[in-house]
Amino acid sequence: GRSPEITLSGRIRMEAQPMEELLGSFDSTSGFMTGFLTMDAAFSTEGRTWDELLGGLAGSAGIAIDHGVILKSKIIFRVMERLSLQQVFRGRPEHVPRDGFYFELIEAQVPFKAGVAEIEAAVMRSPVFNATAAGTVDLARRSLECDLYVHPFGAVDSLVSRIPVLGYILAGDEGALIVYRFAVS
């Protein structure tokens, strides 16, 4: 016969949990990132198969990852790290590994419905550059569509945006002289 339908609902709260321990239980993401995860999520779903459960997932999650390193970073991160003027003012903390891309904070509020997470305003802050992202993650199809906006000159942007009137003219509402947009899929 048919598999019985499964109904799940719950709430997950975590405070400063080490990412390497959490990700270590998933083979495909092991060694991807370090840092400390704080999360408050509520969810519900129902279905007979894993794909149905993912496709029916609804709820929301507030996520923050502090003082971490993206260990499997793309070349663009390394290039931007070398070019960033902000490195002159601040480097990575001594206790952080030299491999990978160091960040101070990644945070997002993520509502999801019918297995699709809507990333409305994810923010990453690092000594190298700041970034924001908006888009969708389809959990059942395992696909991502988002726009990533990179602000590479955080120190310069911060200084320029503080100049009365001229700072607003040069940096605009974003508070940035230069913003690079990347389409990610």
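As the structure is a computational prediction, the values presented were derived from the model and not from experiment.

Rules of the game
- Residues numbered from 1 in each chain as written.
- Predicted model: local features only at pLDDT ≥ 70, side-chain atom pairs only at ≥ 80, totals over all residues.
- Heavy atoms only, no water.
- Salt bridge = Lys/Arg side-chain N within 4 Å of Asp/Glu carboxyl O.
- Helix = DSSP H or I, 4+ residues; strand = E, 2+ residues; numbered from the N terminus.
- Buried < 20%, exposed > 50% of the residue type's maximum accessible area, 1.4 Å probe, protein only.
- Pairing = 2+ DSSP bridges.
- Axes fitted to C-alpha atoms, helices over the stretch in contact; angles between N-to-C directions.
- Core = buried A, V, L, I, M, F, W, Y, C linked by side-chain atoms within 4.5 Å.
- Contact = heavy atoms within 4.5 Å.
- Polar contact = N/O pair within 3.5 Å; in protein donor to acceptor, adjacent residues only side chain to side chain.

**Examining the pattern of salt bridges**
When their charged atoms lie close together, side chains carrying opposite charge are able to pair. Applying the stated rule across the entire model yields 5 salt bridges. A salt bridge links Asp40 to Arg11; the nearest nitrogen and oxygen atoms lie 2.9 Å apart. Within this pair, whereas Asp40 is found in strand β2 (residues 33–47), its partner Arg11 is found in strand β1 (residues 6–18), the two being separated by 29 residues in sequence. Since its relative accessible area comes to 34%, Asp40 is described here as partly exposed. For the salt bridge of Glu107 with Arg125, the shortest nitrogen-to-oxygen distance reads 3.5 Å. You can see Glu107 sitting in strand β4 (residues 101–113) and its partner Arg125 sitting in strand β5 (residues 116–125), a full 18 residues away along the chain. For Glu107, a relative accessible area of 32% translates into the label partly exposed.

**Examining the pairing of strand β3 (residues 58–70)**
Strand direction decides the pairing type here: β2 and β3, joined by 11 bridges, are antiparallel. The partner of Ala41 across the bridge, within β3, is Ala61. Judged from the 11 bridges that link them, β3 and β4 form a sheet pairing that is antiparallel. Each residue of the ladder has a partner; that of Ser60, found in β4, is Pro111.

**What to know about the sheet that holds β5**
With antiparallel pairing, 8 strands are arranged side by side in an open sheet as β1-β2-β3-β4-β5-β6-β7-β8. Of all the strands in the sheet, the pair left with one neighbour each is β1 and β8 (180–184). The sheet shows a mean angle of 15 degrees between the axes of neighbouring strands, direction not considered.

**Let's talk about the nonpolar core**
Counting 26 residues, the largest nonpolar core has Met33, Ile65, Phe103, Met124 and Phe129 as the members making the most contacts within it. Of all the secondary-structure elements, those providing two or more residues to this core are α1 (19–23), β2, β3, β4, β5 and β6 (130–138). Take this core: its biggest share by element is 6 residues, from β4. Every residue in contact with Met124, bar those within four places of it in the chain, is listed here: Phe101, Phe103, Leu105, Ile106, Phe129, Asn130 and Ala131.

**Quick word on the side chain of Thr45**
Assignment of secondary structure puts Thr45 in strand β2. Overall, Thr45 belongs to the buried group, its relative accessible area being 7%. Of note is the side chain of Thr45, whose polar atom sits 3.4 Å from the backbone nitrogen of Leu57. Ignoring anything within four residues of it in the chain, the contact list for Thr45 reads Ile6, Thr7, Leu8, Glu52, Leu53, Gly56 and Leu57.

**Some remarks on unusual backbone geometry**
Despite not being glycine, Ala16 shows a phi value in the positive range, around 50 degrees. Mapped onto the elements of the fold, Ala16 is located in strand β1. Even without a glycine there, the phi angle at His67 is positive, about 40 degrees. One can find His67 in strand β3. According to the relative accessible area criterion, His67 is partly exposed, its value standing at 42%.

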